[in-house]
Amino acid sequence: SDFTVGYLVGSLAKGSLNRKLAKALVRLAPSELAMREIPFGELPLYSYDYDSDYPEVARKLKDAIAAVDAVLFVTPEYNRSIPGGLKNAIDWASRPYGQNSFTRKPSAIIGTSPGSIGTAVGQQHLKSILSFCNSPMMNAVEAYIQFTPGLVSDDGEVSVASTEDFLRSYMAEFKDFIERVLSVYPRQA
Ligand code: FNR
């Protein structure tokens, strides 16, 4: 593969709709993208008291982000924002001060919800956070996926052809975006 993409699934729920969506995106990604999950559910709640001595689980998170060319957020909207667990992971990765893992790291955001706004409001919050973290974000295509019953199976098969086509083109656009960003900002070691 040409590029590696680390994806974070914003939901910690076993039956997460966003995890199903992530599985679909892995299936539909172009062959140039090697997809791997970056887990964050085991992190303690962040405090700057840890900055002088990051725990192993947090160093692993930062190493995992450093090792990929780009990051994909597949996240639900909770109370019109992002889930607390995801924000906690971003806070960990953004620190210690001066060692922000997201700086110049290309990213994209996608999410699904049963409701028709399809995580749009939560995504706006995440864009604000990643903007502060200096991550170049893919602005277009946007993806707000309404999860109708059975839309994506547990192992990521999409039952609606137009949605499958859209998700495939979304990942192809992300590949092009990563290529453009890396041509300006070669990956930091
Ligand atoms: C939700 N849900 C929700 N949906 C939405 O469209 N906007 C919202 O602000 C919220 N807020 C919210 C808060 C909390 C705490 C929960 C648990 C749920 C519903 C949510 O979209 C639904 O539970 C999805 O299944 C969440 O995605 P995952 O966790 O299944 O991937």
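Just so you know, these numbers come straight off a predicted model, no measurement behind them. (Residues numbered from 1 in each chain as written. Predicted model: local features only at pLDDT ≥ 70, side-chain atom pairs only at ≥ 80, totals over all residues. Heavy atoms only, no water.)

## What about unusual backbone geometry?
Just so we agree on the cut-off: The secondary structure listing takes helices from DSSP runs of H or I that are at least 4 residues long and strands from runs of E that are at least 2 residues long, numbered from the N terminus. Each residue gets one of three labels from its accessible area relative to the maximum for its type: buried under 20%, exposed over 50%, partly exposed in between, using a 1.4 Å probe on protein chains only.
With omega at -5°, the peptide bond leading from Arg 95 into Pro 96 counts as cis. Within the fold, Pro 96 resides in the loop between helix H3 (84–94) and strand S4 (107–113). Cis geometry is adopted by the peptide bond preceding Val 141, which originates at Ala 140 and carries an omega value of 10°. Non-glycine residue Arg 104 carries a positive phi angle of around 65°. Judged by relative accessible area, Arg 104 falls into the partly exposed class, the value being 40%. Phi is positive for Thr 119, which is not a glycine, with a value near 75°.

## As for the packing of helix H2 (residues 56–66) against H3
Under the convention used in this document: Every axis corresponds to a line fitted to the C-alpha atoms, with the helix fit spanning only the stretch in contact, and the corresponding angles, defined between N-to-C directions, vary from 0 to 180 degrees. Angular relationships are summarised with four words: roughly parallel below 35 degrees, roughly antiparallel beyond 145, roughly perpendicular across 65 to 115, and oblique for the angles in between. Whether two residues are in contact is decided by their heavy atoms: any pair within 4.5 Å suffices. Classes in brief: Ala, Val, Leu, Ile, Met, Phe, Trp, Tyr, Cys and Pro nonpolar; Asp, Glu, Lys and Arg charged; the others, Gly included, polar.
Contact geometry of H2 with H3 gives a least axis separation of 9 Å together with a crossing angle of 80°. Compared by their axis directions, H2 and H3 come out roughly perpendicular. The segment H2 lies against H3, with Ala 58, Leu 61, Lys 62 and Ile 65 engaging Ala 89, Trp 92 and Ala 93. When the residues that make up the contact of H2 with H3 are grouped by side-chain class, the tally is six nonpolar, no polar and one charged.

## A few points about the site of the ligand
Using the following cut-off: Neighbouring residues are identified by heavy atoms, a residue being near a molecule or strand if any of them is within 4 Å of it. Polar contacts, as used here, are pairs of N or O atoms within 3.5 Å; protein pairs need one atom able to donate a hydrogen and one able to accept it. Residues neighboring in sequence count only if both atoms are side-chain atoms. Computed by Shrake-Rupley with a 1.4 Å probe, the accessible areas treat only the displayed protein chains as cover when residues are assessed.
In the vicinity of the ligand, the contacting residues are Ser 11, Ser 16, Leu 17, Asn 18, Pro 76, Glu 77, Tyr 78, Asn 79, Arg 80, Ser 113 and Pro 114. Contacts to the ligand include Asn 18, whose side-chain N or O atom sits 2.8 Å from an oxygen atom. Compared with its free state, where it exposes 620 Å², the ligand has 67% of that area covered by protein. Class assignment of the residues belonging to the shell around the ligand gives a composition of four nonpolar, five polar and two charged.

## Details of empty space enclosed by the protein
Rules: Each cavity reported here is a set of points on a 1 Å grid over the protein atoms alone in which a 1.4 Å probe fits but cannot get out, each pocket an open set with protein on both sides within 12 Å along at least five of seven lines, and each lining residue one with an atom within 4 Å of a point. Grid points are joined across faces, edges and corners, and a volume is the space filled by probe spheres set on the points.
In total, this model carries one cavity of 30 Å³ or more according to the counting rule given. Of the volumes computed, that of the largest cavity is approximately 60 Å³. Lining the largest cavity are Ser 107, Ala 108, Ile 109, Gln 123, Lys 127, Met 137, Met 138, Asn 139, Val 141, Glu 142, Ala 143 and Tyr 170. Listed by contribution, the elements that provide at least two residues to the lining of the largest cavity are S4 and helix H4 (120–132). By residue number, the principal contributor to the lining of the largest cavity is S4, which donates three residues. In terms of residue class, the lining of the largest cavity is built from seven nonpolar, three polar and two charged.

## Some details on the confidence of the model for the protein
Note the following rule: pLDDT is a residue-level measure of predictor confidence that goes from 0 to 100.
Residues at a pLDDT of 70 or more form 98% of the protein, whose mean pLDDT is 97. For the protein, the element scoring lowest by mean pLDDT is helix H5 (residues 161–184), at 97; strand S3 (residues 70–74) scores highest, at 99. Of the two predicted TM-score estimates for the complex, the pTM is 0.98 and the ipTM is 0.99.

## Quick word on the nonpolar core
Within soluble globular proteins, side chains that are nonpolar generally end up buried alongside one another. To keep it simple, the criterion reads: The nonpolar core is taken to be a set of buried Ala, Val, Leu, Ile, Met, Phe, Trp, Tyr and Cys residues, with the residues joined through side-chain atoms within 4.5 Å.
Within the largest apolar cluster, 32 residues are counted, with the highest numbers of intra-cluster contacts made by Leu 72, Ile 110, Leu 167, Met 171 and Phe 174. Sorting the residues of this core by element identifies strand S1 (3–9), helix H1 (17–28), strand S2 (33–37), S3, S4 and H5 as the ones contributing at least two each. Among the elements that make up this core, the one with the highest residue count is H5 (eight residues). Sequence-distant contacts of Leu 72, that is, excluding residues within four places in its chain, are made with Val 5, Gly 6, Tyr 7, Leu 8, Leu 25, Met 35, Ala 108, Ile 109, Ile 110, Tyr 170, Met 171 and Phe 174. Counting residues in hydrophobic clusters, the runner-up holds 24 residues, among them Ile 38, Val 71, Leu 86 and Phe 102.

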